[in-house]
Amino acid sequence: MAQPAPLYIVASPRPRNGKTLIARLLLEFLRQSRRPAVGYDLNPREPALAERFPKLVWPVDIADTRGQMELFDRLLADPASTQLIDLGYGPFDQFFAVMGEIGFLPEARRRRIEPIVLFVADSSGATARSYAQLQRRLAATFVPIHNEHVMLMFDKEDFPPTRPEYGLIRIPRLSPLVRGVIDRPNFSFNAYMAKQAGGPTEVHQWIGNVYHEFREFELHLLMGKLSSSLGGATAPKRQSRRLR
Amino acid sequence: MAKPTVVVVGADKGGVGKTTVARTLLDYFTAHHLPTRAFDTESPRGTLRRFHPDISEIVDATSVSDQMRIFDTLSTTDASVTVIDVRAGLLSPMLRSLRDIGFLDAVKKGQLNFAVFHILGSSIASLNEIEETAAFAADGRYILVKNFINDTNFFEWDQATHASYFRKFKDAVEISVPKLNEMAFEQVELASVPFLTFVANKGPKGESANYSFVLRGYVRHWLSNVWSEYDRIKITDIVSSGGVASGPRVQVVGRS
């Protein structure tokens, strides 16, 4: 039987902690592996992801019911694609409130869509509390993202994944040089990776590390599902390199 | 056989959501497998009948022949519950008629179950209506409904005024009907189906429909909250006293 199609929700209740960058990386990673992917940008004021990928990502404002229909009805109508949401901090609370109220999660599972919340952690206590509350409230898969640019040390006690073997996704710290390169308006991670005329650069290495994290995470996700479907034997734990 | 039950839904004021509440009751009884019929007194053009054509009839509550259609058939109909959606302004006259024809005496003798859902508006006038209406429901159940579906703010009801009125009617129970998302409400109106049918993504003839999942979700959540209120006041006990025992709590479910 085919595995459910993932619905990645890149989320955080706080601004400026790299959600859109992570969504960009993940979308390009999915495209590199030739999977049909579609994205939704829930940052109504600055839909940066939709501006970078106008043919792949739809800007949606869920402040009103029409926008909510545009998002949730479309998500359910497309169980064949891997879907991705860049959830801005503005609509963060409303998104999860609507999701709970309309009964989205059981319906998504019924249609073989697997919602996975990729929660960008930071050092604020409010963020950790928000993570714990969401985990209690919603029966989705939760995986923390440790963006080293935002928080150097990561306390795994504050952000436990839904299953221990999922670990966390680590986004290595960016040097100002790398940041300057990848922030260019037309920059594409995949196009850059395809060109290595002068040998691998720091940018290549950084992108490669992030893609490696995604690949490992997907593998552990798959192994977790397989082991639970086979009767609960757990998959090997991920080796997180920067755990305190 | 269970004792026949008559549920009257009304208010003296218009636009307070009487038909909406009647529709939620019909859905509730359907979900609890209680054979139900309904009378829509919005004669000649009924609103309730548009949503529940199979079980409802339009009647003129002021005509004796139509009153006979409702009350003379209580013991012969297959339906154990009769819901009457009373047109604005007719609640008090209808209750007077029920007294005059001996219906309320039959309730007093325990031959019939009787409940009045009095839908309240936001004004003090609504509180004044209670005094008159409650007297007729003394031997049945009197349920005061604060209906927020059309965004009513019960702004004129300061706590002291509210308490002074409600102290007088110890047997009255109060329930609240929350607001439903406007677009969801509008879509159910357009679909002209019961709320439960909308949640199940079906058309008027039971055919598959294509309603928005978001809107269905909002309706399911809202209906579930309304039903929780009905569970709280144990409506199934009212309608089945002397007959069938009430069943377990029924949840609003629906899949496309």
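**Q** Could you give an account of the overall build of chain A, naming the residues involved and the relevant values?
**A** Along its length, chain A carries 9 helices and 7 strands. Taken over the C-alpha trace, chain A has a radius of gyration of 17 Å; the compact-globule value for 244 residues is 18 Å, and the two agree within 12%. Over its C-alpha atoms, taken along the principal directions, chain A stretches across nearly 50 × 40 × 40 Å. Across chain A, the fraction of contacts at a sequence separation of at least 24, relative to all contacts at a separation of at least 6, is 72%.

**Q** Go over the sheet that holds strand 6 (residues 141-147) of chain B, please, and point to the residues and values.
**A** Two pairing modes exist for strands in a sheet, parallel and antiparallel, and in both the strands are linked by backbone hydrogen bonds. Residue and element names in this part refer to chain B. With parallel pairing, the 7 strands of this open sheet are ordered in space as 3-2-4-1-5-6-7. Whereas interior strands pair on both sides, the edge strands pair on one side only; in this sheet they are strand 3 (56-58) and strand 7 (173-177). Here the strands of the sheet are splayed against their neighbours by 20° on average, with no regard to which way each runs. The pairing of strand 6 with strand 7 spans 5 bridges and is classified as parallel. Bridged to Lys-146 within strand 7 is Ser-176. Strand contacts of helix 1 (residues 18-31): strand 1 (5-10), strand 2 (36-40), strand 4 (81-85), strand 5 (113-120), strand 6 and strand 7, with the helix running at about 165° to strand 4, the strand carrying the most contacts.

**Q** Lay out the interface of chain B and chain A in plain terms, naming residues and giving numbers.
**A** Listed as interface residues are 10 residues of chain B and, on the opposing side, 10 residues of chain A. When residues of the side of chain B that touches chain A are assigned to their parent elements, the largest contribution, 7 residues, is made by helix 10 (residues 213-232) of chain B. Class assignment for the residues of the side of chain B that touches chain A results in 5 nonpolar, 4 polar and 1 charged.

**Q** So what's going on with the nonpolar core? Which residues, and what values?
**A** Ranked by internal contacts, the top residues of the largest apolar core, which has 131 residues, are Ile-9, Val-10, Leu-26, Leu-118 and Phe-119 of chain A together with Val-9 and Val-219 of chain B. The element best represented in this core is helix 10 of chain B, accounting for 10 residues. Leave out the neighbours within four places in its chain, and Val-9 of chain B touches Lys-18, Val-21, Ala-22, Leu-25, Val-83, Ile-84, Asp-85, Val-86, Phe-117 and Ile-119 of chain B.

**Q** Which residues make up unusual backbone geometry, and what values do they have?
**A** Going from Ser-43 of chain B to Pro-44 of chain B, the amide bond is cis rather than trans, its omega being 0°. Residue Arg-112 of chain A is not a glycine yet carries a positive backbone phi of 60°. Along the chain, Arg-112 of chain A turns up in the loop between helix 5 (104-110) and strand 5 (113-120). Located in the positive-phi region is His-33 of chain B, a residue other than glycine, with phi close to 55°. Tracing the backbone shows His-33 of chain B in the loop between helix 1 and strand 2.

**Q** Explain the packing of helix 8 (residues 182-191) of chain B against helix 10 of chain B to me, using residue names and the numbers behind them.
**A** Angle between the axes and distance between the axes: these two values describe a pair of packed helices. Residue and element names in this part refer to chain B. At their nearest, the axes of helix 8 and helix 10 sit 9 Å apart, and the two run at 100° to each other. With respect to each other, helix 8 and helix 10 are oriented roughly perpendicular. Here Met-183, Ala-184, Gln-187 and Val-188 of helix 8 come into contact with helix 10, specifically with Leu-215, Tyr-218 and Val-219. Split by residue class, the contact of helix 8 with helix 10 holds 6 nonpolar, 1 polar and no charged.

**Q** For the packing of helix 1 of chain B against helix 10 of chain B, give the residues involved together with the corresponding values.
**A** Residues and elements named next belong to chain B. Running from N to C, helix 1 and helix 10 cross one another at 75°; their axes reach a closest spacing of 11 Å. Considered as vectors, helix 1 and helix 10 are oriented roughly perpendicular to each other. Side by side, helix 1 and helix 10 meet where Thr-24, Asp-27 and Tyr-28 of the first sit next to Leu-223, Val-226, Trp-227 and Tyr-230 of the second.

**Q** Quick one: what's the story with the confidence of the model for chain A, residue by residue and with numbers?
**A** Model confidence for chain A is summarised by a mean pLDDT of 90, while 92% of its residues fall at 70 or above. Contacts of residues 240-244 of chain A to residues separated by more than four positions or lying in other chains number 12 contacts, the stretch itself having pLDDT below 50.

Conventions and cut-offs
- Residues numbered from 1 in each chain as written.
- Chains lettered and ligands numbered in written order.
- Predicted model: local features only at pLDDT ≥ 70, side-chain atom pairs only at ≥ 80, totals over all residues.
- Helix = DSSP H or I, 4+ residues; strand = E, 2+ residues; numbered from the N terminus.
- Rg over C-alpha atoms; globule rule 2.2 N^0.38 Å.
- Contact = placed C-beta atoms within 7 Å.
- Pairing = 2+ DSSP bridges.
- Axes fitted to C-alpha atoms, helices over the stretch in contact; angles between N-to-C directions.
- Nonpolar A, V, L, I, M, F, W, Y, C, P; charged D, E, K, R; others polar.
- Core = buried A, V, L, I, M, F, W, Y, C linked by C-beta atoms within 7 Å.
- Buried ≥ 20, exposed ≤ 12 C-beta atoms within 10 Å, placed from the backbone.
- Parallel < 35°, antiparallel > 145°, perpendicular 65-115°, else oblique.
- pLDDT = per-residue confidence, 0-100.

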